[in-house]
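Read off the chains here:
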Amino acid sequence: MASSVISQLVDAMTLCSQPAERQVRTTIDPPMAPEEAMKLLKEGNRRFVNGCPLGSKTKAAARQQLVEDGQAPHTAIIGCADSRAPLETIFDTMPGDIFVLRNAGNTCTHAEGSMVGSLEFCTGKLGSRLILVLGHTKCGAIYGATKTYLDSQPGKKVAGSALEGLLQDLGSVAQEAAQEMGPAASSDEVAAHAVKVNVFHTINFLLRFSESIREMVRIGQIQIQGGIYHLETGCVYFLGRSPMQAELLESSMPIPPSMVTQDERGLHGVRTGADERVPSDLALAMLKKGNERFAAGAPTAGKTSDAMRKALVKHNQAPHSAILGCADSRVPVDTVFDATPGELFVLRNAGNTCTHAEGSIVGSLEFCTGKLGSKLILVLGHTQCGAIAGATATHQAGASNAPGCALEGLLQGLAVVAKDASEQLGPGASQQELVAHAVKVNVFHSMDFLLKFSEPLRELVRKGELDIQGGIYHLETGRVEFLGRSPRQAELLLSKLSLPPSMVLGTVRTSQDEIVAPKFALKTLKEGNDRFVAGAPAPDKVHRSMREALATQGQAPHTAIVGCADSRCPLETLFDALPGDLFVLRNAGNTCTHAEGSILGSLEFCTGALKTQLIFVLGHTNCGAIKGATAAYFAAKKQQKKANNALDVLLKGLDTVVAQAVAEAGAKATEEEVAALAVKLNVFHTMNFLMQHSEPIREKVSSGNLEIHGGVYDLKSGRVEFLGCSPSQSKLVAGKSTVAPSLKDKMHGA
């Protein structure tokens, strides 16, 4: 104990016995190493604490020397403006020793450009190699900010004065301190810890927003350290470097947010048509920097003057990027990228998708990249996306019913994304993992859609004049994860599709069009039925010009169809056909049993005069005519009944088909099973009838100029089962046709 006291007395006597007159530092002196500067600060603070200051003893000659030779401070200090913490006194310095910056709270929250610029000047021009950020105990600004934070209600309150604004902006420091101290800490304890947090907060700001300071730290030219001055003892406790220094040295922010001039955004302070087009790599860099400013809580956008708005009107827009984002209110795209008006061409919908309104999305992007010259498209998804979560639930529920509202339609349309995500992750994935992965899959899905269905976009990508990239905005951090290009880009650049499905306008067929070969007509029927089943028919947009063409140029249907009159089987609808596509004949039971002359004559006209090369006979499940004929057939076995009306005659005429079905189904078949088989047999019966009783039709089939196919439409699924040609075709074509029974008398009479 005695030796410790003696040691302290010796130190104090040594400090107080130094020469009364000290030399001032000027540009004549060499730069001082950070370690040496720190040593001087510590020695000066000890003299201050021990009551033996030397710094105030200067003469006129020393002051004149500073004027003539200029300053060369060994340290730059950011301190608080508090009158109880005079920095030159605390460190017992001479004029010319320290370069001092002070404000309430020793912060860069406000006047950041002045602080950072001053330090860049001091370390760059004046040669200082140490920066010290100094807080102090019982700091009024920090204690006030802590109280404001702890007393604040949910929701941000608009500052009513500059002081309130300062305290609110220091709230992030108080929040961090409160989280680190835990809920049991008192307000004073949180505030005391916030002083330390604030020191590192300021150090971090310098590293994050000054490239010149970062570079000097990287090469060891300067050091940035922190400290806390204790009002109670006069001692400074040195904290060392920021724990985040290594991470922040990777920052790419060149200057503080408040110093980003509008001129950097365009000739008129905003991007307009007067500015040069921005290459895609530079546009991507601008998005990344803007998001970094947003995530760091230091945005610069929002200062749009009347002159800027007028410039946008006069010179038009020239956005550097087009963004397809989600409509979620938590993802304001312009804000996320800290963009001003004129920078981003933004398209938004729930799920950032092209599943619906695809034509609007693709057309808008073609306009932006073609007319406005944007060279980057970014598809932006986000975590916790409600649309994707809903689509995932829809997929897992296996919903396949027709949507009852537009929202259900949207979720069903996005279900393919959830399906892909589920297959990629496998059965062990949790619901949360599945939704998170589906967000990423959906981004690529939208990118792929653009490449698949837009030739203008593909051509720009091929030429290197456009880049399409993806990203995911993380609600939790405010940062965008950039995903790059689609893995399928090279493959999709070979696509031949030029329009999204919903914009494919079927042109009407007229006599001016070429004859359609049977295989292509059949392919058209199958594709149309696929669209009908998928619930995505081509838009039924029949313009006046189309109707006029049909009226003046005549028809040229690619297929003639004999179908049932059942109202549940609208042929043009289930084959998604336009006027002029199909020559349609319908009656109950899609049969030639009665009115055979009308059916045959109509088909001979269609295949002869109109040159149609495909006849398609279509039955359907649960056909009332066939079921009635089957019931009548079984009833007749028990008791013969005389036909009393036309319907009875129609059903009686189908006896042959039912009898064949009974024979093929077997004795144990139910009436329902017989009727189901009879539907298919009736299709072949009608096809055979055409070749048996029409020589023009038989000859065209024989010569290969006509094909007759059959099918059964499933009322439940909406799908058509294509049956192909009749099994009896070869035999019937090899023989000769006979006159239809109902036409014998008329033809003989002629």
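Provided above is the structure to which this section pertains.
What you see is a predicted model, and the numbers here were worked out from it, not measured in a lab.

Engineer: Quick one: what's the story with the overall build of the protein chain, residue by residue and with numbers?
Structural biologist: Scanning the protein chain for helices and strands turns up 31 helices and 15 strands. Each of the 750 residues in the protein chain was classed as buried or not, and the buried ones make up 47%. By sequence separation, contacts in the protein chain at least 24 residues apart represent 75% of the contacts at least 6 residues apart. Of the roughly 36,400 Å² of accessible surface on the protein chain, a fraction of 55% belongs to carbon and sulfur atoms.

Engineer: I'd love a proper account of the packing of aromatic side chains, names of residues and values included.
Structural biologist: With the rule as written, the count across this model stands at 10 aromatic pairs. Relative to Phe 453, the ring of Phe 449 has its centre 4.6 Å away and its plane inclined at 45°; by these criteria the two rings are tilted. Of the two residues, Phe 449 and Phe 453 both sit in helix H18 (residues 431-453), four residues apart, roughly one turn of that helix. Each of the two residues, Phe 449 as well as Phe 453, counts as buried. Between Phe 583 and Phe 605, the ring centres sit 6.2 Å apart and the planes meet at 50°, which makes this aromatic pair tilted. Of this pair, Phe 583 sits in strand S12 (residues 582-587) while Phe 605 sits in helix H24 (residues 596-608), and the two are 22 residues apart along the sequence. Overall, the relative accessible area of 14% leaves Phe 583 in the buried class.

Engineer: Account for the pattern of salt bridges, naming residues and giving values.
Structural biologist: Tallied over the full model, the rule gives 22 salt bridges. Of the charged contacts in the structure, one is a salt bridge between Lys 419 and Glu 423, with a shortest N-O distance of 2.8 Å. Of this pair, Lys 419 and Glu 423 both sit in helix H17 (residues 406-425), four residues apart, roughly one helical turn. The partly exposed category is assigned to Lys 419, whose relative accessible area is 38%. For Arg 462, the salt bridge is made with Glu 455, and the minimal N-O distance between the two is 2.9 Å. Here Arg 462 falls in the partly exposed class, since its relative accessible area comes to 37%. Accessibility expressed as a relative area gives 29% for Glu 455, which makes it partly exposed. Beyond isolated ion pairs, a larger network of salt bridges with shared partners links Glu 211, Arg 214, Glu 215 and Arg 218.

Engineer: An account of the sheet that holds strand S10 (residues 480-484) is requested, with residue identities and associated values reported.
Structural biologist: Across the sheet, five strands lie side by side as S7-S6-S8-S9-S10; this open sheet has mixed pairing. The open sheet has two free edges, formed respectively by strand S7 (344-349) and S10, since each of these has just one partner strand. Taking each pair of neighbouring strands and ignoring which way they run, the sheet shows an average axis angle of 25°. Taken together, the four bridges between strand S9 (residues 467-473) and S10 define a ladder with antiparallel strand orientation. The residue bridging Gly 471 from the neighbouring strand is Phe 482, located in S10. Packing against the sheet, helix H12 (residues 280-295) makes contact with strand S6 (321-326), S7, strand S8 (376-382), S9 and S10, and its axis sits at approximately 35° to S8. Packing against the sheet, H18 makes contact with S6, S8, S9 and S10, and its axis sits at approximately 160° to S9.

Engineer: I'd like a description of the sheet that holds strand S13 (residues 614-620), backed by residues and values.
Structural biologist: Read from one edge to the other, the open sheet built from five strands follows the order S12-S11-S13-S14-S15, with strand pairing classed as mixed. The sheet is open, and its two borders are formed by S12 and strand S15 (720-724), each paired with just one other strand. The average undirected angle you get between the axes of adjacent strands in this sheet is 25°. Both strand S11 (residues 559-564) and S12 contribute to a ladder of six bridges, which runs parallel. Looking at the pairing, Thr 559 lines up with Leu 582 of S12. Helix-sheet contacts for helix H28 (residues 671-693) involve S11, S13, strand S14 (707-713) and S15, and the interaxial angle to S14 is about 160°.

Engineer: Go over the side chain of Asp 92, please, and point to the residues and values.
Structural biologist: Relative to the assigned elements, Asp 92 resides in the loop between helix H4 (87-90) and strand S2 (98-103). Exposure remark for Asp 92: the relative accessible area of 4% places this residue in the buried category. Within the structure, Asp 92 has its side chain in polar contact with the side chain of Arg 47 (distance 2.4 Å).

Engineer: Talk me through helix H13 (residues 306-315); I want residue IDs and the actual numbers.
Structural biologist: Of all the residues in H13, the buried ones are Met 308, Ala 311 and Leu 312. Angularly, the buried residues of H13 cover 100° about the axis, an arc narrow enough to put them on a single face. Exposed side chains of H13 directed beyond 90 degrees from the buried face belong to Ala 307, Lys 310, Val 313 and Lys 314. Of the residues flanking the end of H13, it is Asn 316, one or two places downstream, whose phi is positive at about 70°.

Engineer: I'd love a proper account of unusual backbone geometry, names of residues and values included.
Structural biologist: Although it is not a glycine, Asn 352 adopts a positive phi angle of roughly 35°. Residue position: Asn 352 is located in the loop between S7 and helix H15 (358-370). With a phi angle near 45°, Asp 576 is a residue other than glycine that sits in the positive phi range. Take Asp 576: it is sitting in the loop between helix H23 (571-574) and S12. When its relative accessible area of 15% is taken as the criterion, Asp 576 is described as buried.

Engineer: Give a description of the side chain of Gln 225 that names residues and reports values.
Structural biologist: Locating Gln 225 in the fold gives a position in strand S4 (residues 223-229). Only 2.9 Å separates the side chain of Gln 225 from the side chain of Gln 223, close enough to count as a polar contact. Non-local contacts of Gln 225, meaning those with residues more than four positions away in its chain, are made with Met 38, Leu 130, Ile 131, Leu 132, Val 133, Ile 203, Gly 240 and Arg 241.

About the thresholds
- Residues numbered from 1 in each chain as written.
- Predicted model: local features only at pLDDT ≥ 70, side-chain atom pairs only at ≥ 80, totals over all residues.
- Heavy atoms only, no water.
- Helix = DSSP H or I, 4+ residues; strand = E, 2+ residues; numbered from the N terminus.
- Buried < 20%, exposed > 50% of the residue type's maximum accessible area, 1.4 Å probe, protein only.
- Contact = heavy atoms within 4.5 Å.
- Areas by Shrake-Rupley, 256 points an atom, 1.4 Å probe, with all protein chains shown as cover.
- Phe/Tyr/Trp six-rings, centres within 6.5 Å; stacked < 30°, edge-to-face > 60°.
- Salt bridge = Lys/Arg side-chain N within 4 Å of Asp/Glu carboxyl O.
- Pairing = 2+ DSSP bridges.
- Axes fitted to C-alpha atoms, helices over the stretch in contact; angles between N-to-C directions.
- Polar contact = N/O pair within 3.5 Å; in protein donor to acceptor, adjacent residues only side chain to side chain.
- Arc of directions from axis to C-beta.

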